[in-house]
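Close look at the chain arrangement
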Number of protein chains: 4
Amino acid sequence: MTPIRYGMVGGGPGAFIGAVHRMAASLDREFELVAGAFSADPSKSRDMGEGLGLHGGRVYGDFREMISAEEEREDGIDVVVIVTPNHLHYPVAHACLMAGLHVICDKPMTTTTEHADTLCHMASERGLVFAVTYNYTGYPMVKEARERVAAGELGALRKVVVEYSQGWLRTLLEAEGQKQAEWRGDPDRAGVSSALGDIGTHAFNLLHYVTGLETHRVFADAGTVVEGRVLEDDATVLLELDRGVRGVMLVSQVATGERNHLRLRVYGADGALDWCQEDPNRLRLLDPDGTETMLFRGGELGAGAVDATRLPGGHPEGFIEAFANIYRGVARAIRNEGDEGEAAPDYPTVQDGCVGVHFVHRAVESSQSKTWVEMSQVSANMDTTI
Amino acid sequence: MTPIRYGMVGGGPGAFIGAVHRMAASLDREFELVAGAFSADPSKSRDMGEGLGLHGGRVYGDFREMISAEEEREDGIDVVVIVTPNHLHYPVAHACLMAGLHVICDKPMTTTTEHADTLCHMASERGLVFAVTYNYTGYPMVKEARERVAAGELGALRKVVVEYSQGWLRTLLEAEGQKQAEWRGDPDRAGVSSALGDIGTHAFNLLHYVTGLETHRVFADAGTVVEGRVLEDDATVLLELDRGVRGVMLVSQVATGERNHLRLRVYGADGALDWCQEDPNRLRLLDPDGTETMLFRGGELGAGAVDATRLPGGHPEGFIEAFANIYRGVARAIRNEGDEGEAAPDYPTVQDGCVGVHFVHRAVESSQSKTWVEMSQVSANMDTTI
Amino acid sequence: MTPIRYGMVGGGPGAFIGAVHRMAASLDREFELVAGAFSADPSKSRDMGEGLGLHGGRVYGDFREMISAEEEREDGIDVVVIVTPNHLHYPVAHACLMAGLHVICDKPMTTTTEHADTLCHMASERGLVFAVTYNYTGYPMVKEARERVAAGELGALRKVVVEYSQGWLRTLLEAEGQKQAEWRGDPDRAGVSSALGDIGTHAFNLLHYVTGLETHRVFADAGTVVEGRVLEDDATVLLELDRGVRGVMLVSQVATGERNHLRLRVYGADGALDWCQEDPNRLRLLDPDGTETMLFRGGELGAGAVDATRLPGGHPEGFIEAFANIYRGVARAIRNEGDEGEAAPDYPTVQDGCVGVHFVHRAVESSQSKTWVEMSQVSANMDTTI
Amino acid sequence: MTPIRYGMVGGGPGAFIGAVHRMAASLDREFELVAGAFSADPSKSRDMGEGLGLHGGRVYGDFREMISAEEEREDGIDVVVIVTPNHLHYPVAHACLMAGLHVICDKPMTTTTEHADTLCHMASERGLVFAVTYNYTGYPMVKEARERVAAGELGALRKVVVEYSQGWLRTLLEAEGQKQAEWRGDPDRAGVSSALGDIGTHAFNLLHYVTGLETHRVFADAGTVVEGRVLEDDATVLLELDRGVRGVMLVSQVATGERNHLRLRVYGADGALDWCQEDPNRLRLLDPDGTETMLFRGGELGAGAVDATRLPGGHPEGFIEAFANIYRGVARAIRNEGDEGEAAPDYPTVQDGCVGVHFVHRAVESSQSKTWVEMSQVSANMDTTI
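**Some words on the overall build of chain A**
- A count of helices and strands for chain A gives 13 helices and 14 strands.
- Counting only C-alpha atoms, chain A reaches 65 × 50 × 40 Å along its principal axes.
- Going through the 386 residues of chain A one by one, you find that 62% of them count as buried.
- Nonlocal contacts in chain A, meaning residues at least 24 apart in sequence, comprise 70% of its contacts between residues at least 6 apart.

**Quick word on the interface of chain D and chain B**
- Contacts between the two partners involve 12 residues from chain D, matched on the other side by 12 residues from chain B.
- Among the residues making up the side of chain D that touches chain B, the classes are represented as 3 nonpolar, 6 polar and 3 charged.
- Relative to strand S13 (residues 292-296) of chain D, strand S13 (residues 292-296) of chain B is paired through 3 bridges, and the arrangement is antiparallel. Its bridge partner lying in S13 of chain D, Glu292 of chain B is registered against Met294 of chain D.

**Focus: the interface of chain A and chain B**
- Taken residue by residue, the interface counts 31 residues in chain A and 31 residues in chain B.
- Those elements giving two or more residues to the side of chain A that touches chain B turn out to be strand S6 (157-165), strand S7 (215-223), strand S8 (234-241), strand S9 (246-252) and strand S10 (261-268) of chain A.
- Per element, the largest residue contribution to the side of chain A that touches chain B is 4 residues, and it comes from S9 of chain A.
- The residue makeup of the side of chain A that touches chain B, split by class, is 12 nonpolar, 9 polar and 10 charged.

**Let's talk about helix H11 (residues 319-335) of chain D**
- Helix length check: H11 of chain D, at 17 residues, gives a terminal C-alpha distance of 24 Å against a target of 24 Å (1.5 Å per residue), a fit within 8%.
- For H11 of chain D, the tally of buried residues reaches 14 of 17 residues, placing the bulk of the element in the interior.

**Examining the pairing of strand S4 (residues 102-105) of chain C**
Residue and element names in this part refer to chain C.
- Side-chain alternation along S4 places His102 and Ile104 on one buried face and Val103 and Cys105 on a second face that is also buried.
- Sheet analysis places strand S3 (residues 79-83) next to S4, joined by 4 bridges and oriented parallel. What sits directly across from Ile82, in S4, is Cys105.
- Looking at chain direction, S4 and strand S5 (residues 130-132) are connected through 3 bridges and run parallel. Considered in S5, the bridge of Ile104 is made with Ala131.
- Crossover connection from S4 via helix H5 (residues 113-126) to parallel S5: handedness right-handed.

**Examining the relation of the copies chain A and chain B**
- Taken as rigid bodies, chain A and chain B are interconverted by a rotation of 180° and an axial shift of 0.0 Å, the fit giving an RMSD of 0.0 Å. Given the turn and translation reported, the copies of this chain are related as if by a two-fold rotation axis. No C-alpha of chain A approaches the rotation axis more nearly than that of Thr371 of chain A, which lies at 4.0 Å.
- Both copies share a contact surface, since 100% of the interface residues of chain A are interface residues in chain B too.

**Thoughts on the sheet that holds strand S1 (residues 4-10) of chain A**
Residues and elements named next belong to chain A.
- Overall, parallel pairing links the 5 strands, which are arranged S2-S1-S3-S4-S5 in an open sheet. Edge positions in the sheet fall to strand S2 (31-37) and strand S5 (130-132), since each has one partner strand and no second. Neighbour-to-neighbour, the strand axes of the sheet open up by a mean angle of 20°, direction not taken into account.
- As paired elements, S1 and S2 share 6 bridges and run parallel to each other. In the strand pairing of S2, Val9 is matched with Ala37.

**Considering the nonpolar core**
- Judged by nonpolar contacts, the single largest core of 495 residues is most densely connected at Val103 of chain A, Val103 of chain B, Val103 of chain C together with Val103 of chain D.
- Excluding residues that lie within four positions of it along the chain, Val103 of chain C makes contacts with Val79, Val80, Ile82, Ala93, Cys96, Leu97, Leu128 and Phe130 of chain C.

**Section: the relation of the copies chain D and chain B**
- Overlay of chain D on chain B (RMSD 0.0 Å): rotation 180°, translation along the axis 0.0 Å.
- A shared binding surface is used by both copies, with 100% of the interface residues of chain D retained as interface residues in chain B.

Parameters at a glance
- Residues numbered from 1 in each chain as written.
- Chains lettered and ligands numbered in written order.
- Predicted model: local features only at pLDDT ≥ 70, side-chain atom pairs only at ≥ 80, totals over all residues.
- Helix = DSSP H or I, 4+ residues; strand = E, 2+ residues; numbered from the N terminus.
- Buried ≥ 20, exposed ≤ 12 C-beta atoms within 10 Å, placed from the backbone.
- Contact = placed C-beta atoms within 7 Å.
- Nonpolar A, V, L, I, M, F, W, Y, C, P; charged D, E, K, R; others polar.
- Pairing = 2+ DSSP bridges.
- Expected span 1.5 Å × (residues − 1).
- Right-handed = clockwise from strand over helix to strand, strands pointing away.
- Least-squares fit on C-alpha atoms with pLDDT ≥ 70 in both.
- Axes fitted to C-alpha atoms, helices over the stretch in contact; angles between N-to-C directions.
- Core = buried A, V, L, I, M, F, W, Y, C linked by C-beta atoms within 7 Å.

Now the structure itself:
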C-alpha cells in the first residue's frame, strides 16, 4: 500500500508533540512525511526539515506557502498535521479545508466556539477527513471499556469520575522561558483556558468516548494556584450527563509529582470499570460481589481492542502505539472516502473537537458565574451540523 | 496495669461495629468489657451478654438502667462505648456525661448541630474524656502523613482530594431487611444524611487531621441514585480551606464494586502524599522530579507512627489495630486525667465530632440551595467552646 | 464462654514474638494470660509479668517451677505458649506434655529430628493439643487458596514457587548485640540452620498447606553471604513433590530492603494462583486466557476463608488476625477434646512441626553433599506416627 | 539523514517477531525496508513483500538470491535482519558476513556452540556490525538499573534473581499446528532446548547486562511438564557468578496465566533493585531502611536512560520503543564504522549472542548430569575472541 503523504505545520525544535505525531505516523508505515512548515522562523524550519530528511524544496517558512506549493505538485500532500499552539489551529485548518486537504489537528481544536463551529461545518460540507488528536481513545483497553459499556455489562450507568492530573506547572515555568509552558499560559495563544483546554478536553472526550453519554450542564470551579499565572491551572467540574448520570472531573497542572495521571472510572448498577493511562495495558473491572477482574491487552477482547493491538499480551504497548491508532483510523477514513457502506472509521472527529471547545467555554463561564451552565445549545448546534 | 472497665450500648447481634469495638478494646488488654445494654430487646441483650461471657447481672435492657446500676458498684464502669444508630448517640452520651462517665461514641456524633454543640460544651465543662471513633486517624501511616505535612515537607499546601467510595448500597438494601442499611437509610435514625454522615464525616475528619486545615465554605452536590431511597447516597463536595487551599471530596455508597475505598491525596508546592485505607501500611510520597518514595509502617518513621505501631515492617497491621490505637489514646487520656503538662493524647475528640456534624448540615444545605455555604459560624462556635 | 488459661515461657522484654502471641490470644477473648516464665532472669521475668498485669505469685523464674506450681492450682493453666529460642522448645514442650498440658510452640519445633519425632509421638499418645505457630496459614486468603486447589480449580498442579525474603540480616547484626539476631545466628540456640529454620520452614509449611503436596526429594544450595556469620543466610531449594510436581523455594535473610516477603505461586494445567503475605487480603488468580481475577477477603469465598474472617471487605486484616486464627483453631481443638465426629480443627500440628524439622535437616544435608536428598523416610515416619 | 536500507529473511505471514522488527526499524525513520526473503515459499514471500509495499523485484524466494541480487545494486541493502527459526540463523548470518553485510539476528544466535563461535570470529575479523536482539536491554529503566549498579549504589552485589515465566505452552500447542510452537518444540529447528533457548537466554543476557557479572558455573534442573513434548518447557538454574555472587534463574513456558513475565531483582549490601518487563517504565529501588523509591522513565535519570527515552514521564513507552532502541544502537554503530574514539554503541553484540548459546548448552548438560557445570571455557574462549 502506498503511504499517505503529509505535511506538518508546527512541530519545530523543542516541540514535544510534533515528534510524537511523526513517530505515530511512521510506526505502521502508512504515512510519509514529505513537507513541512515547522516554525515561523524560516531558518529553523529549514534546519528541522533537513534533520528529518525532507527534500529541501518541500520545507516551507509558512503554512500558506506550503499549501499552495504542494497543490501544484502531482505528488503533493494529502493531509496536513497541525501541531502549533492553539491560536493557529483555526487559520491553518481553515486554509487546509479551503484547499481540499484533510486535516489532523491537535486539541483544543480552536480558541473560540465560533471557529470550532465553522470548521465543523466546513469539514462536513466538503467531505474532508478532519481528526482531532484526542489520542487517549486510541488505547486498546479504552476501546474495550467502550464496548463493554455499550454491551450493557455495567448495567445502567450511574456515576463517572474522570481525573487528569499533572504537576509540571507547579512553578511559574512560563516565566522561565519554557516554551511549552509559555504559550499554554498566554491567553493570546492558548485561548480562555489552560488546564481545561489542555487536559480537561482530553478528559471530557475520554468520558464521552467510553460511556457514550452527552453532557447537559456543567458546574466548574476553576482556580489559579500559582501566583503570577494568568489562566487557571486547576479545576473541578461537575457534569450532569444523560439520564441524570453524575459526572465529576478533576483536572490539575499543579498536582505536584503527578506525571500524566489520566484515569477514568465508570460505575453502573451492575459493575464498574477503571482505566488509568499510566498503566494502559490493563482494564480493571469491579464486580458487585467485591471481586475484581483484570483484563489485559492482547487477551481475548472485543473487536475494537483486538484491531487496535499490535503485540501479544505481556509485551507492553504505550502512548505512541495508541497515537498511531488514531493515525490508522484516519488512514482508513482517507482511503475509504466515498465508501458509504462501512462502519465509520474510529478516530476523534471535528465534531468531537467542536464539543470539546464548547465544553471549555461553558466551564469557564460557570466558574465565573458560580452557577450551573447549560451545554444544551451546543448539542443542538451539533445536531444540525452533523 | 489494671484494665479500664467499660460498658457497651448497642452492638447487639448482627451489628458490625460493636464487634470491632470489642476487638479493638481487647487487643492491648487495656480495656475490659464488664457491662452492656446491647439491644433494646432485653432478651437479645441478655443472649449477647452471655455469649460475651459477661456476668448476668451486668447485662441490662436499657442504657439508663446500666448507668444507674453501674454507678452503685464499687467496680462499676469507667467509660461507655456507644455503638447504636445515630439518633441514640445524643441521649446516651448525654446521660453518660451527666453521670460523670467517659464516652467513646460512634460517628456522626449526633443528628443535629444543637445536640453536637451541647455535648461539646458538657464534655468540656465536666472534664470528661469524649472520643468519637473517626478510627481512620488511628493508622500509623496517617500519623506519618500528618507529621510530614506539619514539618513542611510538602511546602505550602495547594490541593487536597479525599475520596470515600463504597458500593454496598447499590441496591435498595434497606427494603430487603438488611439492618445496617435500614437505619442508615431512615432519616429518623440516621439524621439528615446518609452518605455524608456515614462516610463523608470520616473523609472530612481525615482531611483535617492530616492537613490541619479548617474548612471555610462548602459547595455540595448530593444526589440519590437508587430509586426509592430517601437520603443521598452519593455526593461531591468542594471545600474552601484555610488560605484558599482547594479541597475536593467524593463520597459514594453506590460506587459498585468498591469495598471501603478511602483515599487521601495532599498536594503541596514541593511534594505530595497519597494514602489509601485499603493498603494502609504504605504512604506514597510524590516528589516534584517525578520520583516516588514509598514509606512503610515499621520503617524509620516519625514519633506518631512509631508509637502507633505494634509489628515490624512487612507484618501487615489493619483496621482493628488502627481502631485499637484510638482506644489506646483514650486509655492514656483517662489515666492522665488532670495531668496538664503532657501533650494532648492523640484521639478524635468531641470537638472533632461536633465539627463533623456541622459539616454534614452545611453540605446538605448547600446541595439544596445550590450555593456555597459558610462554615465560619461553626469554627467561631468552636473557638468559644473549646 | 470462659477463656482458656495459658502460661507463657519466654517472650520477655525485647522479644517480638511473645507480644504477638499475647495480642493474638487476646483478640477474640478466648484465651487469658495468667502465668509466665518470661525470662531466665527472674527479676526480668517479674518485671515483665507485672507490666502485663499478672498476679505476682504466678510469675515464675523457670518453666519447671511454673508447670509444677500451676499443676497445684484449681485454676491452673490449660496450655503453655513456648516462645523461647529454638533450643529450649524441646525441653519445655517435653515437660508440658509430661504434665498433661497442651502446647503452642514456635517454629522450628526442635533443633534435632530425634526431638521432633519424640514430641510427635508423645503428643499423639497423650491426646494433647500441640500447635506449631506456622502462623501464615491463618490468613483467610491462604485458606481460600487451599480450598480452590483442593477443588481442582487449577487442574493438575505442575509447578510451585515459594519465596521468603527478608533483608534484616544484611549486616552482621549478631555481632552488634541485637538479641533476635544473636540467638538465630548461634548454632547452640538456633540449631543447624538460620534461614532455612527460621523462614524456610514457614515457606515449606505454606506450600504444603495450600497444595497438599508432600515433598519427596530436595536439592538445596545454601550459602552464607555475610562474612563472619556461622549459619546460612540464603538458600535456594529445589523440591520434588508428589507426582513429579516441580517446586522451587527461595529464602533469604540478606535480601536488602525486603521486609517480610513471603509469596506463594501455584501453577496448574488450568490456572494459577499467587498470594503475597505483605498484601494478605488479596488472592490473585491467573486464567489461561491471560485474564486475572482478584479475590478479596470479605467477599464471597469458601467456608474456610469466611470462618477465618472478622471484618467485611475493604477493612484490612493483618498479621495479628491471622495469628489469632491459629489460636482460635487451638481453642476449638481444646474445647472439643474427645469429640471424634467433627472435622479436625484447622491449625498447624505437631506433625507439621516435625516434617518441618526434617525438611531443614535434609536441606542442610543436600547443600553439604551437593546432591538430591530423599525426604521419604520422613513421610514414612509420619505415616506410622499419625 | 538517509535511512539505512535493510532486507529481511523470515518474518512471513503469521510470524510475530518479523512485524516487531519492522515497526522497531520504522519508528525513528532510521531504517528502510527495501528487500526481503520472507518465506521459503516464493509465492508467500511475494505476497508478503507486496503487502509491505516493496518493489516486486526486491522480494526474493531465497536468502542467497537476495544477497547476491542486492550486491549488484548500487542502492542495495546494508544490513540483513534474520527472523527465521533458530536453525537458519547460522547459514543466513554466515552468508551475510561473507558478503560483507551487517547482521541483526534473533536469539538464540545459533543452535550449536561451534556455530556461535564461528560467527563471533567472523564478525570480529571482518569488522561488521552484528547485533543479536536481546531486546529487553533496550528499555530505558534497564539502562538506568545498569548505571546504578555500575555506580556502586547497591554496594557489593550478593544475589540476583531473574525470572522469565510464560504460560502459552501449557498445552501441547505444537501438535495443534500453531507455527510458533511447532518449530520451537522441534529439536531440528530449535536446537537442544526450548525454554532455556527461547527465554532463558533473554534472562541470562539481562542479568549480565544489568549487573556486569560473568557466570562461572551453572546447575540446572530442566523438565518437560507437558506430556508429548520433546524439549524442556520449565527450568530452574543456579548460577555461580563473579566473586561468588549467587544467581537464581526461573524460566517457564508452562506457568499458566503468565503472559511475558520477565523480572530481575538484584540485591546488594546497601540496596536492591527490581525491574519487571510488564511494567517497564518503572524501576523499584529498595533501601535498607525498608523504604522504596520508584523511578520513572522520563524523570531525572542517567545518560543511558535519557538517551533511550522518547517521551516525557507518564506517557508510557513499551516493547516496540525498547526494540527500536536496539535498532538505534545498530544505526549508530553502522554510521560510526571506523570511528575509534567513541564509546561503543549500546546494543547486544555477537559476543553476547555467543555466550548465550554456550549458556544454553551448559545448562542442558548440567540438567542431564545433575551436577554443576563450568562455564569458564566459554569466557576464556570469549576473551581470546573479542
